[in-house]
Amino acid sequence: MTTTGVGLKVPVIEVFSSVQGEGPRVGERQVFVRLAGCDLRCAFCDTPESFPAPRVARVETSPGGPREEQLKNPLGVDALLGAVLALDDPRGLHAAVSITGGEPLLHPAAVRALAEGLQAAGLAVHIETGGHRPGALRHVLDAVDRVTPDLKLESATGEPTPWDAHAETYDLLEAAGKGVCVKAIVVATTPADEVAAAARHACRHLPSVPFVLQPVTPRGDGIARPSASHLLRLQRAAAHHHRDVRVIPQVHPLLGVR
Ligand code: SF4
């Protein structure tokens, strides 16, 4: 086991084994490490429970459940690493470990130490980020295998799009060859010209990966997904500016898995 994480602690929501439910790697079996805390407040957020750190983290002890234990927060990084490695049983069951949130890049030192330990054990490390913290990304990038950054559309989040931070994030990923896709969540009221601008931005800064439009998953909070015809209109608007535009919904809610 690595010793790089000795003394480091991080707030954790949950650790579990499931299938990747978003983006081009959908369907891949992964261990998910969901860290607590986020500095954004997207209107469509599906993990608002991650904002305050819970008193205990829920950690699966058999891949896919049902056995789990509750560990007191914040967790030591070496204990977290041990829990993830124990869950990858049989070894190689998972294609990668996805470190997600919340916003995992609020905890760059812990993410880096965890990633180094996972890589040393032969596991690929995937980061899912809002794409707005390039300074923290710079700190972890050489210790991870791939990164999925979001492109936060104002029509969907209710907050101004952080274009400059996204550009810096995408430039780093393009240079490192570690981008998976640029993912933008779209809602019923997302206009085509906003998606066109986003596709242009993604193509300018991270052209080597797909631009993914992810229709929001309705959660009874009044935020509706685009109609089929509007979704195709958005895809077409993006395709004027990007050679690889894909429409991929979240599939884990369809499967009934976490
Ligand atoms: S970045 Fe993710 S976790 Fe943070 S508010 Fe937005 S959707 Fe929620």
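What counts, and where the lines are drawn
- Residues numbered from 1 in each chain as written.
- Predicted model: local features only at pLDDT ≥ 70, side-chain atom pairs only at ≥ 80, totals over all residues.
- Heavy atoms only, no water.
- Helix = DSSP H or I, 4+ residues; strand = E, 2+ residues; numbered from the N terminus.
- Rg over C-alpha atoms; globule rule 2.2 N^0.38 Å.
- Buried < 20%, exposed > 50% of the residue type's maximum accessible area, 1.4 Å probe, protein only.
- Contact = heavy atoms within 4.5 Å.
- Pairing = 2+ DSSP bridges.
- Axes fitted to C-alpha atoms, helices over the stretch in contact; angles between N-to-C directions.
- Phe/Tyr/Trp six-rings, centres within 6.5 Å; stacked < 30°, edge-to-face > 60°.
- Lys NZ or Arg CZ within 6 Å of the ring centre and 35° of its normal.
- Parallel < 35°, antiparallel > 145°, perpendicular 65-115°, else oblique.
- Left-handed = near helix turned anticlockwise from the far one by under 90°.
- Nonpolar A, V, L, I, M, F, W, Y, C, P; charged D, E, K, R; others polar.
- Core = buried A, V, L, I, M, F, W, Y, C linked by side-chain atoms within 4.5 Å.
- Expected span 1.5 Å × (residues − 1).
- Salt bridge = Lys/Arg side-chain N within 4 Å of Asp/Glu carboxyl O.
- Patch = residues over 30% accessible without salt bridge, like charges linked within 9 Å, V, L, I, M, F, W, Y side chains within 5 Å.
- Areas by Shrake-Rupley, 256 points an atom, 1.4 Å probe, with all protein chains shown as cover.

Let's shift gears to the overall build of the chain. Helices and strands together make up the secondary structure of the chain, namely 8 helices and 12 strands. Relative to a compact globule of 258 residues, whose C-alpha radius of gyration would be 18 Å, the chain shows 18 Å and is just as compact. Looking at the 258 residues of the chain, the share that counts as buried comes to 54%. Considering only contacts in the chain between residues 6 or more positions apart, those separated by 24 or more positions represent 74%.

Sheet architecture is open: 7 strands sit in the order β5-β4-β2-β3-β7-β8-β9, paired in mixed fashion. Every interior strand has two partners, whereas the edge strands, β5 (68–72) and β9 (146–149), have only one. This sheet shows a mean twist of 20° between the axes of neighbouring strands, independent of strand direction. Where helix α1 (residues 77–87) meets the sheet, it contacts β2 (12–19), β3 (29–35), β4 (56–60) and β7 (96–100), and its direction lies at approximately 20° from that of β2.

Before going further, it helps to spend a moment on the packing of aromatic side chains. In the structure shown here, the tally under the stated rule is 1 aromatic pair. A ring pair is formed by F16 and F32, whose centres lie 5.3 Å apart and whose planes are at 15°; its orientation type is stacked. With F16 in strand β2 and F32 in strand β3, this residue pair connects regions lying 16 residues apart in the sequence. Residue F32 is classed as buried on the basis of its relative accessible area, which comes to 6%. Stacked on the ring of F51, the Lys or Arg R41 has its end atom at 3.8 Å from the ring centre.

As a further point, take the packing of α1 against helix α2 (residues 108–120). Closest axis-to-axis distance for the α1/α2 pair is 10 Å, and the angle between their directions is 40°. As summarised for this structure, α1 and α2 are arranged oblique, according to the angle between their axes. α2 is crossed by α1, and the crossing has right-handed handedness. Where α1 approaches α2, its residues V77, L80, L81, V84 and L85 are matched on the opposing element by A110, A113, L114, G117 and L118. Residue composition of the contact of α1 with α2, grouped by class: 9 nonpolar, 1 polar and no charged.

Here the focus is the nonpolar core. L80, L118 and F211 are the most contacted members of the largest nonpolar core, which totals 62 residues. Ranked by residue count, the leading element in this core is α1, at 7 residues. Setting aside residues no more than four positions away along its own chain, L118 makes contact with L81, V84, L85, V97, L123 and V125.

With that out of the way, let us pick up the pairing of β4. For β2 and β4, the ladder comprises 2 bridges, and the chain directions are parallel. Note on β4: the bridge partner recorded for V15 is V59.

Glancing now at helix α6 (residues 192–205). Turn by turn, an α-helix covers 3.6 residues, leaving residues three or four places apart pointing in a common direction. For α6, which comprises 14 residues, the first-to-last C-alpha distance of 20 Å matches the rise-based estimate of 20 Å (1.5 Å per residue) to within 8%. Of the positions making up α6, those classed as buried are E194, V195, A196, A198, A199, H201, A202 and H205. Taken together, the buried residues of α6 touch α4 (154–157), α5 (163–176), β10 (182–186), β11 (211–215) and α7 (228–239).

Throughout the structure, instances matching the rule amount to 18 salt bridges. Here E14 and R258 are joined by a salt bridge, their closest N and O atoms 2.6 Å apart. A residue pair is termed long-range when its members are at least 10 positions apart, and E14 in strand β2 and R258 in the segment after α8 (252–255) qualify at 244 residues. Look at E14 and you get buried, because its relative accessible area is 7%. Overall, the relative accessible area of 30% leaves R258 in the partly exposed class. Each member of the salt-bridge network shares a partner with another, and the members are E14, R34, R58, E60, E68 and R258.

Take the environment of G76 next. Turning to its location among the elements, G76 is positioned in strand β6 (residues 75–76). Taking the C-alpha atoms as reference points, G76 and K9, separated by 67 residues in sequence, lie 4.3 Å from one another.

Attention now goes to a nonpolar patch on the surface. Together, L254, L255 and V257 make up a nonpolar patch on the protein surface, roughly 310 Å² of accessible area in all. Relative to the elements of secondary structure, V257 occurs in the segment after α8.

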